[in-house]
Amino acid sequence: ILYSAIMSFSAAIMIAVFFIQHNFPESYASGDRDWSYFKGAIDGSSFLVMPRVLNWFTADIAYHHVHHLSERIPNYHLRKCHEHNENKFSSVKRLQLHQIWNCFSLILWDDETYQLTSIDWQWFIFTQYNEKSIKTPVALSIEFTLKIRV
């Protein structure tokens, strides 16, 4: 039981770290026509600033932008590569540990602005109100899910 709990907790943390390194304010993404490999690697992934001991436990995945430039660089060389080329990584989004929670709200893609965005639940529920019928929370969530899929 203890082993399962530790492995589950570790997996949840690594999934969260992976998520925030791609979903952060002003993260780069583009349509197929305008896609840039280098811009995607530099502006579409973040540099998570962590203490060295946490970098060791996460196999230096904090240097995710380096990994996206070349996935062939082994994890034990990511930090060295970042430090050697630090002047080329000035535009990489640096995330501090205390900023992690802000990234979890960025779960929707806005096709008009090409930006990740969060759900404005108050606006969404307000716009779903109809004078003829009041929708239940279950009906709202089903309708919202259908709107996202379309």
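The shown structure was predicted, so the numbers you read here are calculated from the model rather than taken from an experiment. (Residues numbered from 1 in each chain as written. Predicted model: local features only at pLDDT ≥ 70, side-chain atom pairs only at ≥ 80, totals over all residues. Heavy atoms only, no water.)

**A few points about the overall build of the protein chain**
Secondary structure assignment for the protein chain yields eight helices and four strands. When the helices and strands of the protein chain are read in sequence order from the N terminus, they spell out α-α-β-α-α-α-β-α-β-β-α-α. Relative to its full complement of 150 residues, the protein chain shows a buried share of 27%. Of all intrachain contacts in the protein chain linking residues separated by at least 6 positions in sequence, the fraction that spans at least 24 positions is 52%. By element, 62% of the accessible surface of the protein chain is carried by carbon and sulfur atoms, the whole surface being about 11,000 Å². (Helix = DSSP H or I, 4+ residues; strand = E, 2+ residues; numbered from the N terminus. Buried < 20%, exposed > 50% of the residue type's maximum accessible area, 1.4 Å probe, protein only. Contact = heavy atoms within 4.5 Å. Areas by Shrake-Rupley, 256 points an atom, 1.4 Å probe, with all protein chains shown as cover.)

**A closer look at the confidence of the model for the protein chain**
Per-residue confidence for the protein chain gives a mean pLDDT of 78, with 78% of residues at or over 70. Ranking the elements of the protein chain by mean pLDDT puts helix α8 (residues 137-149) last with 48 and helix α5 (residues 75-84) first with 92. Contacts for the low-pLDDT stretch residues 130-143, under 50 throughout, to residues beyond four places or in other chains number eight contacts. (pLDDT = per-residue confidence, 0-100.)

**Section: unusual backbone geometry**
Glycine aside, negative phi is the norm for most residues, and most peptide bonds take the trans geometry. A positive phi angle, near 60 degrees, is found at Ala59, a position not held by glycine. Within the secondary structure, Ala59 sits in the loop between α3 (52-57) and α4 (64-69). Of note, the phi angle at Asp60 is positive, near 55 degrees, even though the residue is not glycine.

**Details of the environment of Glu26**
When you line up the elements, Glu26 lands in the loop between α1 (2-20) and α2 (37-43). For Glu26 and Gln115, which are 89 residues apart along the polypeptide, the C-alpha to C-alpha distance reads 6.5 Å. Beyond its immediate chain neighbours, meaning those up to four positions away, Glu26 contacts Asp43, Lys93 and Gln115.

**Overview of the environment of Phe38**
Of note, Phe38 is situated in helix α2. When the C-alpha positions of Phe38 and His68 are compared, they lie 8.6 Å apart, and in sequence the two are 30 residues distant.

**Side note on the packing of aromatic side chains**
Counted under the stated rule, the structure contains four aromatic pairs. Measuring from centroid to centroid gives 5.3 Å for Tyr28 and Trp35, while their planes differ by 35 degrees, and the two rings are tilted. In this structure Tyr28 comes out as buried when scored by relative accessible area, which is 14%. We classify Trp35 as partly exposed; its relative accessible area is 45%. (Phe/Tyr/Trp six-rings, centres within 6.5 Å; stacked < 30°, edge-to-face > 60°.)

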